[in-house]
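# Fold and contact review
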Amino acid sequence: MKNAQKNKEIKSQENVEIKNKGMISKDRKKYLKKIKLRKLEIFITQISIVVIFIAIWEILARTGKIDSFITSQPSRILKTFLDLSSNDLLRHLKITCIETLVGFLLGTVMGIIIAIILWWSSFISKVSEPFLVILNALPKVALGPVIIIWVGAGMPAIIVMALAISLIVTILNVLNGLINTDKEKIKMAETFNANKLQILTKIVMPANISTLFNTLKVNIGLSLVGVISGEFLVSKGGIGYLIVYGGQVFKLDLVMTSVIILAIVAAVMYESIEILEKIVIKQK
Amino acid sequence: MTEEKKSILKANNIYKTYQAENGEIEALKNVNFEIKQGEFVSIIGPSGCGKSTLLSIVAGLEEKNDGEIYIDGKIGYMLQKDNLLEWRTIYKNVLLGLEIQNALTEENKEYVIKLLKKYGLYEFKNKYPTQLSGGMRQRVALIRTLAIRPTILLLDEAFSALDYQTRLMVTDDIYKILKNEKITVLMVTHDISEAISMSDKVIVLSKRPATVKKIYDVNFEIESRTPLNCRESPKFSKYFNLMWKELEQYEKCTEK
């Protein structure tokens, strides 16, 4: 206990010293202030853009300059949102999130495993290269009808769609990272007689942590694309369903509300991966 | 007279040919040499003559086409770049070799700690490689290799990635550590002066296909010899000119 206290004291002393150093240099203080100010400026501008956009939208709709039947309007979106939340918004949200997460996890895990297999065997990698290139270029949404016939119209079809869209990109991105690992580092491990599994776990995988996280970030977005296009085609629930339904019955309020909710979902998912990345890298 | 020292490494009639789509390249042809315990031996030769290939073959990283390598003991290998893993602390980096060889015993860990303490790196053991200078990083790489207790150390242009000033200091530093730990060394370098300043023997290879042209015994008769005080010796320039001329001949041949 006493030691801990002492440590704290030492630390706080160090802090004071650092602060003192900051006090000494006026230029440094100026510089830090400038950076802070700039960040604040950017943030305020960003918020203002959103607020002004919404305000203009609302004003134009109220004064009848634009037809709110076609464009909807912020106050009506808010009202629809409140209605939905007291109704079954949560159910739709849950469906879309579950589908996206399952598709995302499957795509990531399968993609990484396949990429490792291709890294391991240059023969399999060379053989599969043209197939991967074609599959990557193919718009996966075109497979929609085939998927529905094969796995049935429902949640499985949507998950398969998310998987189809994210899998190939994952394989290609991860494989590219694995292949481009510093050859010298691999040779260094070989000088200690490392086997291929050790090279993979001790050199190649840790060297590609940031590649992996970049892939995850791309993937969560792609899975969402897959899920929404899947829901457009088959579903009886989910945000994609709300959008299609709203469009069909010409309820633009519902469409706009759903799109905004979707944007929030996408942002939250992306942000969670970013937070996860920070935690993992800090632990390293 | 000292007793006859035992031979640690012997290379007999080594041949190596590379196959490529547009033909084959004869890299090594009938290479022979021997290294005795405690010796510091350098290999120099015209650029691209296959020096590093020879080292890789000695280490067993590359196949040879013919010939035999005898090694008495364990090999340590140090590359041009330090190749420290930036996601591991210095301590974890130094343990990498032991980890790969499944030899992370308490005894070996203690040995590593001892080495870190002895060579002034202990206080940095929880730092990351990016926080260290080039010279210190090279020293960490050396300790990573020494951790597996090699009897012979192979140095592959181990200092050429450093700037000149650092390089002189690092060679001096590492030379002292190696002598201290009584390690036998085989070093490949393109730098004649580096070879002379550190070695007891310098093997000169010809241009491709490389074969051993000459083996020089280097003896400065300085009591506590270091690479830096060797450079100041009058004998240094004598050796330098000798080897320089030898190598120049081959370069001329290539130009024709």
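Model, not experiment: these values are computed from the prediction.

## Notes on the overall build of chain A
- The secondary structure content of chain A amounts to 13 helices and 0 strands.
- Helices (α) and strands (β) of chain A occur, in sequence order from the N terminus, as α-α-α-α-α-α-α-α-α-α-α-α-α.
- Dimensions of chain A, computed from C-alpha atoms along their principal axes, come out at roughly 65 × 60 × 40 Å.
- The buried share of chain A, reckoned over its 284 residues, is 37%.
- In chain A, of all internal contacts separated by at least 6 residues, the share reaching a separation of at least 24 is 72%.
- Counting every atom, chain A has about 18,000 Å² of accessible surface; 69% of that belongs to carbon and sulfur.
- The distance from the centre of the 34 positive side-chain charges to the centre of the 19 negative ones in chain A is 6 Å.

## Topic: the environment of threonine 211 of chain B
Residues and elements named next belong to chain B.
- Examined against the element boundaries, threonine 211 turns out to sit in the loop between β8 (201–205) and β9 (212–217).
- Each C-alpha atom of the pair threonine 211 and glutamate 110 lies 43 Å from the other, and the pair is 101 residues apart in sequence.
- Contacts of threonine 211, omitting those with residues within four sequence positions, involve Lys29, Asn30, Val31, Val204, Leu205 and Ser206.

## Description of helix α2 (residues 26–62) of chain A
All names here are of chain A.
- Over its 37 residues, α2 extends 53 Å from the first C-alpha to the last, a length consistent with the 54 Å expected when each residue adds 1.5 Å.
- When we look at burial in α2, the residues that qualify are Trp57, Glu58 and Ala61.
- Positive phi shows up at glycine 64, right after α2, with a value of about 80 degrees.

## Some remarks on the interface of chain A and chain B
- With 17 residues of chain A at the contact, the number on the chain B side is 21 residues.
- Overall, the association of chain A and chain B removes approximately 1,800 Å² of surface from exposure, summing both partners, and the carbon and sulfur fraction of that is 64%.
- Interface area lost by chain A to chain B is led by Met188, Phe192 and Lys202 of chain A, which between them contribute 37%.
- Residue glutamate 86 of chain B pairs with lysine 185 of chain A through a salt bridge whose shortest N-O separation is 3.4 Å.
- Counting every contact that joins chain A to chain B gives 5 residue pairs in polar contact (both at pLDDT 80 or more).
- Elements with a contribution of two residues or more to the side of chain A that touches chain B: α9 (183–191) and α10 (196–207) of chain A.
- Looking at which element gives the most residues to the side of chain A that touches chain B, the answer is α9 of chain A, with 7 residues.

## Focus on the confidence of the model for chain A
Residue and element names in this part refer to chain A.
- Predicted confidence across chain A gives a mean pLDDT of 87, with 91% of residues reaching 70 or more.
- Element-level pLDDT for chain A is lowest in helix α1 (residues 2–24), with a mean of 48, against a maximum mean of 94 in α10.
- Low pLDDT, under 50, characterises residues 1–17; the predicted model gives this stretch 0 contacts beyond four residues in sequence or across chains.

## Regarding the domain arrangement of chain A
Residue and element names in this part refer to chain A.
- When its domains are assigned, chain A resolves into domain 1 (1–66) and domain 2 (71–283).
- A straight line from the C-alpha centre of domain 1 to that of domain 2 covers 33 Å.
- Summing the contributions of domain 1 and of domain 2, the shared interface buries around 530 Å²; its carbon and sulfur component is 64%.
- Of all residues in domain 1, the largest losses of buried area upon contact with domain 2 belong to Trp57, Glu58 and Ala61, amounting jointly to 75% of the total for that side.
- Linking domain 1 with domain 2 are 0 salt bridges.
- Linking domain 1 with domain 2 are 3 residue pairs in polar contact (both at pLDDT 80 or more).

What counts and how
- Residues numbered from 1 in each chain as written.
- Chains lettered and ligands numbered in written order.
- Predicted model: local features only at pLDDT ≥ 70, side-chain atom pairs only at ≥ 80, totals over all residues.
- Heavy atoms only, no water.
- Helix = DSSP H or I, 4+ residues; strand = E, 2+ residues; numbered from the N terminus.
- Buried < 20%, exposed > 50% of the residue type's maximum accessible area, 1.4 Å probe, protein only.
- Contact = heavy atoms within 4.5 Å.
- Areas by Shrake-Rupley, 256 points an atom, 1.4 Å probe, with all protein chains shown as cover.
- Lys, Arg positive; Asp, Glu negative; His and termini not counted.
- Charge placed at Lys NZ, Arg CZ, Asp CG, Glu CD.
- Expected span 1.5 Å × (residues − 1).
- Buried area = accessible area lost by both parts, 1.4 Å probe.
- Salt bridge = Lys/Arg side-chain N within 4 Å of Asp/Glu carboxyl O.
- Polar contact = N/O pair within 3.5 Å; in protein donor to acceptor, adjacent residues only side chain to side chain.
- pLDDT = per-residue confidence, 0-100.
- Domains from an automatic or database assignment.

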